[in-house]
Amino acid sequence: MNTPSKAALREGRAKSTDGYLMIVVGLVLLAIAIASVRAGALLVAVPALLLAPVALAGLYMLHPNQAAVLTLFGAYTGSDRQAGLRWANPLAIKRKISLRDRNLNAPVLKVNDQRGNPIEISAVVVWRVRDSAQAMFQVDDYEAYVRVQAEAAIRHLATRYAYDEGEDIDAGAITLRGGQEAVAEALKQELQIRFGDAGVDVLDAKISHLAYAPEIAQVMLRRQQAEAIISARSKIVHGAVSMVEGALKSLREREIIALDDERKAAMVSNLLVVLCSDRETQPVVNTGTLYN
């Protein structure tokens, strides 16, 4: 996992000024140069004529949530974050970078979860540039870096958790399907560590797609259905036993009828069949006794 370098370049404030002021300076110098030429004062006209383009050549425009990274002869001289018409050294190269929030919709990845089951997973990440100098100079292409590291983080996250609960998973363990909030927080933390070198902040990260891989999807669906049926049957049987126990206790306490062990067994069997059957029971009229 990547960690920020101790020698990483940090953003500094560039030396810049108001561009509208420099437009006025440039126009004034140009007017002085023209007037000096007409008056024959070449010693004044030549410097003014040379300085006027310099005053106008350093102009650049910045929109809100945008920065200009300035370099002079290969050396980083600072970043300008002030929106509007700005002016800086005309010899400096000005590279603009967006500071706005951005969305990254990661592609659907096929990976194995903690139990080794192939799953499909994807995530949506909201991020923005925090340090323009790091984003521009610490990595080769910060946008590509974010995409690659996001995919790596999602793959690593999937291997840390099981897709769903199972017999081989500890009770209360976090799963991808059941612990979405905890999984999202873990993903956000891992992304922040990985994006650190690029000067990028992670604002939010959520799982956007989660499913078993097609080759095992039907098998896992049948497994989930079987687990649901077993759970439902278990609750039905537990409830039926409690009802039968209550019925026998009520008959005994009220002394409505005295039942021997064989009749109790028959009554329990009949009640359990009625209560646990998933189909409507058919009444049978006994014209004899219980023993005939």
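Structure first, text after, so check above.
Residues numbered from 1 in each chain as written. Predicted model: local features only at pLDDT ≥ 70, side-chain atom pairs only at ≥ 80, totals over all residues. Heavy atoms only, no water.

K.L.:
Explanation requested: the overall build of the protein in the structure shown.
P.N.:
When its secondary structure is counted, the protein shows seven helices and 10 strands. Out of the 292 residues in the protein, the part that is buried amounts to 33%. The long-range share in the protein, meaning contacts at least 24 apart out of those at least 6 apart in sequence, stands at 71%. Within the structure as shown, the protein displays about 18000 Å² of accessible surface, and the carbon and sulfur contribution to it stands at 57%. (Helix = DSSP H or I, 4+ residues; strand = E, 2+ residues; numbered from the N terminus. Buried < 20%, exposed > 50% of the residue type's maximum accessible area, 1.4 Å probe, protein only. Contact = heavy atoms within 4.5 Å. Areas by Shrake-Rupley, 256 points an atom, 1.4 Å probe, with all protein chains shown as cover.)

K.L.:
Looking at this model, I keep getting lost on the nonpolar core. Mind explaining?
P.N.:
Generally speaking, a soluble globular protein has its nonpolar side chains buried in company with each other. Core analysis: the biggest nonpolar cluster contains 40 residues, and Ile-97, Tyr-142, Leu-187, Leu-191 and Phe-195 have the highest contact counts within it. If you list the elements that add at least two residues to this core, you get β3 (66–72), β8 (109–112), β9 (118–129), α3 (132–137), α4 (142–160), α5 (180–195) and β10 (200–212). Looking at this core, the element that brings in the most residues is α4, giving eight residues. Among residues more than four places away in sequence, those in contact with Leu-191 are Val-125, Gln-149, Ala-150, Ala-153, Val-202 and Ala-205. (Core = buried A, V, L, I, M, F, W, Y, C linked by side-chain atoms within 4.5 Å.)

K.L.:
Would you mind showing me how to read the packing of aromatic side chains here?
P.N.:
To describe a pair of aromatic rings, one takes the distance between the centres and the angle between the planes. Under the defined criterion, the tally for this structure stands at three aromatic pairs. Judged by centre distance (4.0 Å) and plane angle (40°), the ring pair of Tyr-163 and Tyr-212 falls under tilted. Note that Tyr-163 is positioned in the loop between α4 and α5 and Tyr-212 in strand β10, a separation of 49 residues in sequence. The two residues Tyr-163 and Tyr-212 agree in class, both being buried. (Phe/Tyr/Trp six-rings, centres within 6.5 Å; stacked < 30°, edge-to-face > 60°.)

K.L.:
How should unusual backbone geometry be read in this particular structure?
P.N.:
Negative phi characterises most residues that are not glycine, and trans characterises most peptide bonds. Even without being a glycine, Asn-65 presents a positive backbone phi close to 60°. With respect to the helices, strands and loops of the structure, Asn-65 is situated in the loop between β2 (59–62) and β3. The backbone of Phe-73 sits at a positive phi, close to 55°, despite the residue not being glycine. Looking at the secondary structure, you find Phe-73 in the loop between β3 and β4 (75–80). Phe-73 gets classed as exposed once you look at its relative accessible area, which sits at 74%.

K.L.:
Whenever I open this one, the side chain of Asp-113 confuses me. Can you help?
P.N.:
For Asp-113, the location among the structural elements is in the loop between β8 and β9. Arg-115 provides the closest opposite charge to the buried, salt-bridge-free Asp-113, at an N-O distance of 5.5 Å. Here Tyr-163 takes part through its backbone nitrogen, which lies 2.9 Å from a polar atom of the side chain of Asp-113. Not counting residues up to four positions away in its chain, the partners in contact with Asp-113 are Ile-119, Ala-158, Thr-159, Tyr-161, Ala-162 and Tyr-163. (Lys, Arg positive; Asp, Glu negative; His and termini not counted. Salt bridge = Lys/Arg side-chain N within 4 Å of Asp/Glu carboxyl O. Polar contact = N/O pair within 3.5 Å; in protein donor to acceptor, adjacent residues only side chain to side chain.)

K.L.:
In this structure, what is going on with the sheet that holds strand β5 (residues 84–87)? I would like to understand it.
P.N.:
Hydrogen bonds between backbone atoms are what pair the strands of a sheet, whose relative direction is either parallel or antiparallel. Pairing is antiparallel across the open sheet formed by three strands, whose spatial order is β1-β5-β2. In this open sheet, the two strands that pair with only one neighbour each are β1 (17–18) and β2. As paired elements, β2 and β5 share four bridges and run antiparallel to each other. Following the sheet pairing, Leu-59 is matched in β5 by Trp-87. (Pairing = 2+ DSSP bridges.)

K.L.:
Hey, could you run me through the environment of Leu-51 in this one?
P.N.:
Tracing the backbone shows Leu-51 in helix α2 (residues 42–57). Taking the C-alpha atoms as reference points, Leu-51 and Val-25, 26 residues apart in sequence, are found 9.4 Å from one another.

K.L.:
Help me out: how do you make sense of the packing of helix α1 (residues 19–39) against α2 in this one?
P.N.:
Two quantities define a packed helix pair, namely the angle between the helix axes and the distance between the axes. Contact geometry for α1 and α2: axes closest at 8 Å, N-to-C directions at 155°. Overall, the two elements α1 and α2 adopt an arrangement that is roughly antiparallel. For the pair α1 and α2, the crossing hand works out as left-handed. Of the residues in α2, those in contact with Met-22, Ile-23, Val-25, Gly-26, Leu-29, Leu-30, Ile-32, Ala-33, Ser-36 and Val-37 of α1 are Val-44, Ala-45, Ala-48, Leu-49, Leu-51, Ala-52, Ala-55 and Leu-56. Each residue belonging to the contact of α1 with α2 can be placed in one class, and the counts come to 16 nonpolar, two polar and no charged. (Axes fitted to C-alpha atoms, helices over the stretch in contact; angles between N-to-C directions. Parallel < 35°, antiparallel > 145°, perpendicular 65-115°, else oblique. Left-handed = near helix turned anticlockwise from the far one by under 90°. Nonpolar A, V, L, I, M, F, W, Y, C, P; charged D, E, K, R; others polar.)

K.L.:
What's the story with α5 in this structure? I'm lost.
P.N.:
Since the α-helix advances by 3.6 residues per turn, residues separated by three or four positions end up pointing in the same direction. Under the 1.5 Å per step criterion, the end-to-end length of α5 is 22 Å for 16 residues, consistent within 8% with the ideal 22 Å. Along α5, the positions that sit buried rather than exposed are Val-183, Ala-184, Ala-186, Leu-187, Glu-190, Leu-191, Arg-194 and Phe-195. One face of α5 carries all of its buried residues, which in axial projection span an arc of 160°. The elements touched by buried residues of α5 are β9, α4 and β10. (Expected span 1.5 Å × (residues − 1). Arc of directions from axis to C-beta.)

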